[in-house]
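The primary structure of each chain is shown beneath.
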Amino acid sequence: MYRCNENVTEFLENQEGATVTFSQRKLVAEHSEECNIITENPDRSIYAHIPTLWIKISPPRQFSEE
């Protein structure tokens, strides 16, 4: 069977919730009280809603030579 490794996050500015698709189910399973799993896909990935406060985009740090 095909194994999906894709993770997708979709959210709009100023909304409290985000829609996600995760192939790694562990994060949502460990926080099931804060997540709403909408569906489980045939490839075992999940489609769920999570709080947008969980989303953080963190670019790599740039260090100088000093």
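Residue numbers here run from 1 along each chain, matching the order of that chain's written sequence. For this predicted model, a pLDDT threshold of at least 70 governs which residues receive local features, and a threshold of 80 or more governs which side-chain atom pairs are given and counted, while totals over whole chains, interfaces and linings are taken from all residues. Computation of side-chain values covers all heavy atoms of the structure but excludes hydrogens and water.

### Topic: the overall build of the protein chain
- Across its full length, the protein chain carries 1 helix and 4 strands.
- Each principal axis of the C-alpha distribution contributes one length, and for the protein chain these read about 50 × 35 × 20 Å.
- Exposure is judged per residue with a 1.4 Å probe applied to protein chains only, and the accessible area is read against the type maximum: over 50% gives exposed, under 20% gives buried, and values in between give partly exposed. By the burial criterion, 21% of the 66 residues in the protein chain qualify as buried.
- Contact criterion: two residues are considered in contact whenever any of their non-hydrogen atoms come within 4.5 Å of each other. Taking the contacts inside the protein chain whose residues are at least 6 apart along the sequence as the reference set, 38% of them involve residues at least 24 apart.
- The method behind every accessible area is Shrake-Rupley, applied with a 1.4 Å probe, and residues are considered shielded solely by the protein chains displayed. Surface accessibility of the protein chain: about 5,800 Å² in total, with carbon and sulfur atoms responsible for 50%.
- In the protein chain, which carries 6 positive and 11 negative side-chain charges, the distance between the mean positions of the two groups comes to 9 Å. Numbered from the N terminus, helices here are DSSP runs of H or I no shorter than four residues, and strands are runs of E no shorter than two. As used throughout, the charge tally considers Lys and Arg to be positive and Asp and Glu to be negative, leaving His and the chain termini uncounted. Every charge is mapped onto a representative atom, which is NZ of Lys, CZ of Arg, CG of Asp or CD of Glu.

### Points about the pairing of strand β2 (residues 17-22)
- At least two DSSP bridges between two strands are required for those strands to pair. Note that strand β1 (residues 8-10) and β2 share 3 bridges and pair antiparallel. Counted as the bridge partner of Val8 is Thr21 from β2.
- Here β1 folds back onto β2, and the loop between the two strands holds 6 residues, one of which, Asn14, carries a positive phi near 70°.

### Quick word on the side chain of Thr52
- Examined against the element boundaries, Thr52 turns out to sit in the segment after β4 (46-51).
- Excluding residues that lie within four positions of it along the chain, Thr52 makes contacts with Phe11, Gln15, Glu16, Gly17 and Ala18.

### Thoughts on the environment of Cys35
- Locating Cys35 in the fold gives a position in the loop between α1 (26-30) and β3 (36-40).
- Considered as a pair, Cys35 and Thr21 are 14 residues apart in the sequence and their alpha carbons are 12 Å apart.

### Observations concerning the sheet that holds β3
- The strand order across the open sheet formed by 4 strands is β1-β2-β4-β3, and the pairing between neighbours is antiparallel. Unpaired on one side and paired on the other, β1 and β3 mark the two borders of the sheet. Averaged over all adjacent pairs, the angle separating strand axes in this sheet is 20°, with direction ignored. Note on geometry: axes are lines fitted to C-alpha atoms, helical ones only across the stretch in contact, with angles between N-to-C directions running from 0 to 180 degrees.

### Things to note about the pairing of β4
- Only one face of β4 is buried, namely the one carrying Ile46, Ala48 and Ile50, since none of Tyr47, His49 and Pro51 on the opposite face is buried.
- Looking at chain direction, β2 and β4 are connected through 6 bridges and run antiparallel. Each residue of the ladder has a partner; that of Ala18, found in β4, is Ile50.
- Two elements, β3 and β4, share 4 bridges in a ladder whose sense is antiparallel.

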